[in-house]
Amino acid sequence: MRPNRTDGEEKMTATYSGIAPLLAMKGIRKAFPGVVAVSSASFELLPGEIHALVGENGAGKSTLIKILMGVHRADAGEIILFGSEVAFTSPLAARRAGIAAIYQEFTLVPTLSVAANLFLGRERTRRGLIDARQEYQQAVELFKRLGVVIDPEALVHDLNVAQQQLVEIARALATDARVLVMDEPTAALTPNEVEKLFVLLHELAGRKIGIIFISHRLDEVFKLADRVTVMRDGQTIATTKASELNRNQLIELMVGRPLESEFPKMPAQCGEVCLEVRNLSGGRVKDVSFQVKRGEVLGMAGLMGAGRTEVARLIFGADPKESGEIRVDGKGTDIESPRDAIANGICLLTEDRKSQGLVLKATAKDNFALPNLESWSRVGFIDERQESRRFAKHVGDLNIRIAGPDQLAEELSGGNQQKLLVARWLETNSQVIVFDEPTRGIDVGAKYEMYLLINDLAARGKAIIVISSELPELLGISDRIMVMREGRIAGEISDVRAATQTDIMALAT
Amino acid sequence: MSVSKKTTSRVALAKLLRDYGMLIVLLVLCLLFSVLTISEQHPTGAAAAKQTVAEITKTTDRSAGVLIVGRDDDEDGQFSKELKSELASLAYTNVRVVAGDPPLIRTMLEGLVDSASQYGLIVTTESFAPIVRTIISELPQLSQIRVATPPSYRWPTFLLADNIRNVANQITVIAIIAIGMTMVIITAGIDLSVGSLVALSAVMVAWLVGQFGGETASTWAMILAGLGAMLLCGATGAFSGLMITRFRIPPFIATLAMMQVAAGVAYIISQGKPIYHIPDSFIWLGRGVEPLLKIPYAVILMIALYVAAHILMSRTTTGRYIYAVGGNAEAARLSGIRVSWVLFFVYTLCGVLAGLGGIVMASQLKSGAPTYGLTYELYVIAAVVVGGTSLSGGEGRIFGTLIGAFIIAVIQNGMNLTNVESYTQKVVLGLVILGAVLLDRLKQRGFRFRGA
């Protein structure tokens with residue numbers, strides 16, 4: 001406790017709202033070997049406030065949160081929680097002090113039940129044994145309060161991603177936290193579930209809980225947040241009321257330069273039909289037929305679980321199809337594996353780059369080379385000169401920012417990882433390029449580049465499918481949007497310019 | 001600036017340790033055991049003769065008679081023969097060789113008492129010198145004759161050519177199998193059956209040689225028997241691979257089962273007894289040495305296999321696919337790689353190499369017994385892990401494994417030379433394996449000692 005402090009910052013804080021903040025971080029600095037992650041950051045959270053923390057990847061948001069949660073220790077600066085200075089040495093200590101965090105990566109144990117996960121580390125016991133009945137009842141009450149329908153006895157790995165996210169939130173709330181940190185909580189949720197979550201968060205804010213909300217989805221920031229703090233290059237640039245900013249102003253603050261337009265869409269120059277899918281069925285997907293022309297960008301919309309990713313995986317041969325026909329450039333194919341699909345000029349950029357796209361511990365060049373090695377090799381021996389030459393060419397063409405061909409894939413930024421994967425598929429001479437959530441987890445500047453790249457690919461005469469849960473993005477970059485519901489095509493929007501998010505949602509639900 | 005400088009040097013140190021850490025450990029061990037085993041070395045055989053000549057020319061007249069005394073065996077025979085011809089070429093005319101057991105030597109020396117004045121020098125080997133001296137002390141007529149031995153020198157026992165050859169010989173079997181194991185572990189798998197495959201292969205090759213005529217089997221028959229044994233082991237490995245890829249049985253379980261099966265089959269074929277009916281020439285692979293530098297053929301084979309495996313892993317598509325499958329099998333599959341084929345290949349190859357290891361062992365021991373290769377899988381895995389290959393897959397180097405195998409062999413050999421008890425050796429070896437894995441973990445975390 002430092003009751004006699006009189007520095008200017010604190011006075012300003014006090015005059016802003018007249019209430020004492022739950023949390024104040026001042027002059028935080030943190031350097032790692034070779035890089036200063038946070039150079040000067042200040043952040044304040046009031047009771048009942050939803051405070052968005054935004055910035056591009058690498059701006060220092062995660063580091064700041066990790067310092068708050070006791071994962072890292074700040075080199076300088078102070079953290080004042082509930083009026084007293086703190087410095088947590090572990091996430092557990094932070095949790096005990098009343099801060100709960102929900103990270104992008106889930107921290108649930110998939111093989112345990114929902115109830116067991118909710119009470120993990122603080123099990124309800126009776127005479128030294130776990131009181132499963134009590135846990136069950138408390139879980140039911142908790143879910144009821146949150147308006148969530150999940151069976152506490154279900155195993156976590158049987159839940160879908162959205163349900164797991166809700167369990168994660170419920171667990172945070174079960175600890176009676178007064179500060180809730182949410183890192184991209186909506187990344188895996190459908191619009192419907194996002195709505196529910198927002199209602200829930202407003203209700204929590206009404207109970208004087210302070211919420212720190214980190215998101216790349218700016219429309220959510222505007223919908224939800226009371227105040228916004230923008231971080232750039234390790235510094236907190238500005239803190240303002242969300243209502244005093246518009247979207248473009250916020251983006252400009254984040255990237256540090258004026259932005260011309262968020263979606264640089266070029267009108268399509270459609271050519272011949274390139275991909276034709278007839279009566280495709282398999283798994284959740286039922287009787288799906290559609291076409292994509294060369295030069296066209298087909299957007300694919302739908303709620304989570306509507307079968308969009310499944311369609312992509314069936315086309316790519318990643319999952320076995322039950323029936324249906326896939327034709328490329330008018331020729332029938334017999335695709336039973338990704339290998340066959342690649343040979344037919346189809347490629348898939350998966351939604352999860354880390355687990356399905358890249359070999360993280362391998363170099364950028366090796367990742368680029370993986371599907372192309374056979375075309376560069378003679379009797380199994382790789383022509384490494386050709387490999388390096390092709391790699392250098394694509395790195396230049398796509399403006400991939402890497403330290404060198406031997407940099408590990410895991411060290412690249414999300415945008416550059418995505419470009420690296422595009423490069424490898426261009427090298428295999430893919431004609432049909434399927435993007436599953438191409439901009440998930442990459443920041444605003446890199447998103448813009450991704451859209452330019454998609455335009456460019458379309459202009460080169462590729463047939464492109466983009467699956468996305470971000471409706472503004474779909475509306476901004478597609479020539480045509482196909483909406484899926486429960487494994488079937490629910491409808492199509494051919495005049496994208498005149499369409500709105502509501503039109504898509506009407507078809508999707 | 002000092003921070004970044006410190007960081008740079010730390011990064012450089014970490015890189016050095018990552019790339020050459022185990023090599024440095026190996027060199028330090030070699031240095032340590034060299035220092036610990038420095039002692040008087042007494043040359044024997046032809047080499048001893050050459051060094052003794054210089055000594056004789058300095059101290060003894062050409063006119064004086066020289067008596068060369070030694071046992072009647074190969075080593076002393078070479079010594080005597082070489083020395084006599086050298087002395088003859090230097091115009092020593094009165095050189096006489098006496099060879100035999102101590103009682104015989106005594107009789108012969110007693111017979112020389114009358115002509116004692118002819119002789120000025122008795123040359124004998126280090127191990128025989130005390131006996132000669134005793135005999136002479138009992139025969140006063142001979143007491144004025146000097147007794148010379150080959151000059152000794154101080155040198156580490158560890159670094160004697162014989163000892164190094166010995167270390168290399170000891171690890172060939174394990175090192176050959178470890179090539180296959182490295183590939184399996186890089187795919188994030190494990191093969192527990194290799195120890196049993198050594199027994200199966202040794203028994204199989206011995207049994208087949210027996211079928212082809214036993215002691216009278218021709219060279220071609222032995223080659224055929226060896227190929228047969230490797231084929232059988234390759235098929236066993238392929239079967240494990242099939243179970244793992246087709247039915248998704250975890251590698252640990254599939255190969256654990258095959259370990260039992262292969263061991264059982266080895267006992268059935270041999271009916272539980274060692275098989276000895278093998279031609280003498282069968283030991284060519286295991287005990288033969290090439291004439292120039294006296295490098296054992298098995299060691300040459302091992303080195304050739306390592307070079308080939310290194311090229312496979314670094315220069316071919318198959319090698320890249322092995323790394324990719326271990327790094328992220330799903331990403332590899334979605335890149336169009338036939339993951340099942342890659343896994344099938346590495347388990348088959350691991351089986352074939354275990355089979356080859358068994359043949360080398362049968363050749364070294366000139367027999368095939370179902371008890372061979374017991375717990376070898378653990379030594380092989382240890383060599384791979386000590387060599388820096390990560391058990392979580394995707395990372396590892398072939399030559400790292402060779403260094404790992406050498407580290408284990410050098411520690412064992414060094415402890416033998418320094419008279420460490422065999423029970424203590426087990427404790428030390430266990431700690432070394434633990435230390436290697438610990439080092440691996442620490443270097444992955446950038447040498448931070450706090451838990452993550």
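Draft legend 1. Region of the structure containing the overall build of chain B. Assigned secondary structure in chain B consists of 17 helices and 6 strands. When its C-alpha atoms are laid out on the principal axes, chain B stretches across 95 × 75 × 40 Å. For chain B, the proportion of its 452 residues judged to be buried stands at 41%. The long-range share in chain B, meaning contacts at least 24 apart out of those at least 6 apart in sequence, stands at 79%.

Draft legend 2. The arrangement of the overall build of chain A in detail. Scanning chain A for helices and strands turns up 18 helices and 24 strands. Scaling as 2.2 N^0.38, a compact globule of 509 residues should have a C-alpha radius of gyration of about 23 Å, and chain A matches this with 25 Å. C-alpha extents for chain A along the principal axes are approximately 75 × 50 × 50 Å. Of all 509 residues assigned to chain A, the portion counted as buried reaches 44%. Once local pairs closer than 6 in sequence are excluded, the contacts in chain A between residues at least 24 apart make up 67%.

Draft legend 3. A look at unusual backbone geometry. All names here are of chain A. With a phi close to 50 degrees, Phe 82 is a non-glycine residue in the positive phi region. The topology assignment puts Phe 82 in the loop between β4 (76-81) and β5 (84-86). Residue classification places Phe 82 among the partly exposed residues on the basis of 14 C-beta atoms within 10 Å. Positive phi outside glycine occurs at Arg 127, with the angle close to 50 degrees.

Draft legend 4. Spotlight on the packing of helix α12 (residues 317-327) of chain B against helix α14 (residues 339-365) of chain B. All names here are of chain B. In the contact formed by α12 and α14, the axes pass within 10 Å of each other and the chain directions differ by 105 degrees. Relative to α14, the element α12 lies roughly perpendicular. Here α12 contributes Thr 318, Tyr 321, Ile 322 and Val 325 to the contact with α14, which in turn contributes Val 339, Val 342, Leu 343, Phe 345 and Val 346. Taken together, the residues of the contact of α12 with α14 sort by class into 8 nonpolar, 1 polar and no charged.

Draft legend 5. Local environment of the interface of chain A and chain B. On the side of chain B, 21 residues touch chain A, which itself brings 25 residues to the contact. Those elements giving two or more residues to the side of chain A that touches chain B turn out to be α11 (338-343), α12 (353-357) and β20 (381-382) of chain A. A breakdown of the residues in the side of chain A that touches chain B according to their chemical character gives 14 nonpolar, 7 polar and 4 charged.

Draft legend 6. The arrangement of the sheet that holds strand β4 (residues 119-124) of chain B in detail. Residue and element names in this part refer to chain B. Pairing is parallel in the open sheet, where 4 strands are placed in the order β3-β2-β4-β5. Bordering the open sheet on either side are β3 (95-99) and β5 (146-148), each of which pairs with just one other strand. Direction aside, the axes of adjacent strands within the sheet are offset by 25 degrees on average. Relative to β3, strand β2 (residues 65-70) runs parallel, the two being bridged by 5 bridges. Paired with Val 66 across the two strands is Val 95, which belongs to β3. Lying on the sheet, helix α5 (residues 129-138) is in contact with β2, β4 and β5; it crosses β5 at an angle near 175 degrees.

Draft legend 7. Geometry of the pairing of β4(A). All names here are of chain A. Where strand β1 (residues 23-32) meets β4, 5 bridges bridge the pair, whose relative direction is antiparallel. Along β4, the bridge assignment pairs Ala 24 with Ile 80. Note: β4 against β5, 3 bridges, orientation antiparallel. The residue bridging Ile 79 from the neighbouring strand is Val 86, located in β5.

Draft legend 8. Structural view of the domain arrangement of chain B. The assigned domain composition of chain B is domain 1 (45-151) and domain 2 (159-444). Measuring from the centre of the C-alpha atoms in domain 1 of chain B to the corresponding centre in domain 2 of chain B gives 50 Å.

Draft legend 9. Spatial organisation of helix α14 (residues 384-397) of chain A. Residues and elements named next belong to chain A. Between its first and last C-alpha atoms α14 spans 20 Å; for 14 residues at 1.5 Å apiece the expected length is 20 Å, and the two agree. Among the residues of α14, those classed as buried are Glu 387, Arg 390, Phe 391 and Val 395. Each buried residue of α14 sits inside an arc of 135 degrees when the element is viewed along its axis, so together they form one side. Residues of α14 that are exposed and point more than 90 degrees away from the buried face comprise Arg 385, Arg 389, Ala 392, Gly 396 and Asp 397. Looking at the buried residues of α14, the elements they touch are α13 (364-369), β20 and α15 (414-427). Of the residues flanking the end of α14, it is Asn 399, one or two places downstream, whose phi is positive at about 55 degrees.

Draft legend 10. View of the confidence of the model for chain B. Residue-level pLDDT values for chain B average 87, and 94% of them are 70 or greater. If you check the scores for this complex, the pTM reads 0.77 and the ipTM reads 0.76.

Draft legend 11. Representation of the packing of helix α6 (residues 161-186) of chain B against helix α15 (residues 376-386) of chain B. Residues and elements named next belong to chain B. Two elements in contact, α6 and α15, have axes whose closest approach is 9 Å; the angle formed by their N-to-C orientations is 65 degrees. Viewed along their axes, α6 and α15 adopt a mutual orientation that is roughly perpendicular. Here the hand of the crossing between α6 and α15 comes out right-handed. Seen from α6, the contacting residues are Ile 174, Ala 175, Ile 177, Ala 178, Met 181, Thr 182 and Ile 185; seen from α15, they are Tyr 376, Tyr 379, Val 380, Ile 381, Ala 383 and Val 384. Residues of the contact of α6 with α15, tallied by class, amount to 12 nonpolar, 1 polar and no charged.

Draft legend 12. Region of interest: the sheet that holds strand β13 (residues 273-282) of chain A. Residue and element names in this part refer to chain A. Here we have 4 strands laid out as an open sheet, ordered β14-β13-β16-β17, and antiparallel in their pairing. Looking at the sheet topology across the chains shown, the edges are occupied by β14 (285-293) and β17 (331-332). Across 2 bridges, strand β16 (residues 323-328) lies against β17 in antiparallel orientation. Opposite Arg 327, over in β17, you have Gly 332 as the bridge partner.

Draft legend 13. View of the nonpolar core. Formed by 247 residues in total, the largest nonpolar core has its most connected members in A:Val434, B:Ile174, B:Ile177, B:Val380 and B:Ala383. Examining the composition of this core, we find that 14 residues originate from one element, α14(B), more than from any other. Beyond its immediate chain neighbours, meaning those up to four positions away, B:Ala383 contacts B:Ile174, B:Ala175, B:Ala178, B:Thr401, B:Gly404, B:Ala405 and B:Ile408. Grouped together as the second largest cluster of nonpolar side chains are 20 residues, B:Ala48, B:Val69, B:Leu83 and B:Ile145 included.

Draft legend 14. Summary view of the environment of B:Ser367. All names here are of chain B. Looking at the element boundaries, Ser 367 is found in the loop between α14 and α15. On the neighbour-count criterion, Ser 367 (20 C-beta atoms within 10 Å) is buried. For the pair Ser 367 and Ala 257, spaced 110 residues apart in sequence, the C-alpha separation works out to 26 Å. Not counting residues within four places of it along the chain, the set of residues in contact with Ser 367 comprises Ala 206, Pro 274, Ile 275, Tyr 276, Ile 278 and Ala 362.

Draft legend 15. Structural detail: the environment of A:Arg122. Tracing the backbone shows A:Arg122 in the loop between α4 (114-118) and β7 (125-126). You can call A:Arg122 exposed: it has 11 C-beta atoms within 10 Å.

Draft legend 16. Summary view of the confidence of the model for chain A. Mean pLDDT for chain A: 86, with 95% of residues reaching 70 or above. Below a pLDDT of 50 lies the segment residues 1-15 of chain A, which in the model reaches 9 contacts outside its immediate sequence neighbourhood of four places, other chains included.

Draft legend 17. View of the environment of B:Ser240. Residues and elements named next belong to chain B. Within the secondary structure layout, Ser 240 lies in helix α8 (residues 219-246). Accessibility expressed as a C-beta count within 10 Å gives 32 for Ser 240, which makes it buried. When residues no more than four places from it in sequence are discounted, the contact partners of Ser 240 are Asp 191, Ser 193, Ala 254, Thr 255, Met 258 and Tyr 347.

Basis of the calculations
- Residues numbered from 1 in each chain as written.
- Chains lettered and ligands numbered in written order.
- Predicted model: local features only at pLDDT ≥ 70, side-chain atom pairs only at ≥ 80, totals over all residues.
- Helix = DSSP H or I, 4+ residues; strand = E, 2+ residues; numbered from the N terminus.
- Buried ≥ 20, exposed ≤ 12 C-beta atoms within 10 Å, placed from the backbone.
- Contact = placed C-beta atoms within 7 Å.
- Rg over C-alpha atoms; globule rule 2.2 N^0.38 Å.
- Axes fitted to C-alpha atoms, helices over the stretch in contact; angles between N-to-C directions.
- Parallel < 35°, antiparallel > 145°, perpendicular 65-115°, else oblique.
- Nonpolar A, V, L, I, M, F, W, Y, C, P; charged D, E, K, R; others polar.
- Pairing = 2+ DSSP bridges.
- Domains from an automatic or database assignment.
- Expected span 1.5 Å × (residues − 1).
- Arc of directions from axis to C-beta.
- pLDDT = per-residue confidence, 0-100.
- Left-handed = near helix turned anticlockwise from the far one by under 90°.
- Core = buried A, V, L, I, M, F, W, Y, C linked by C-beta atoms within 7 Å.

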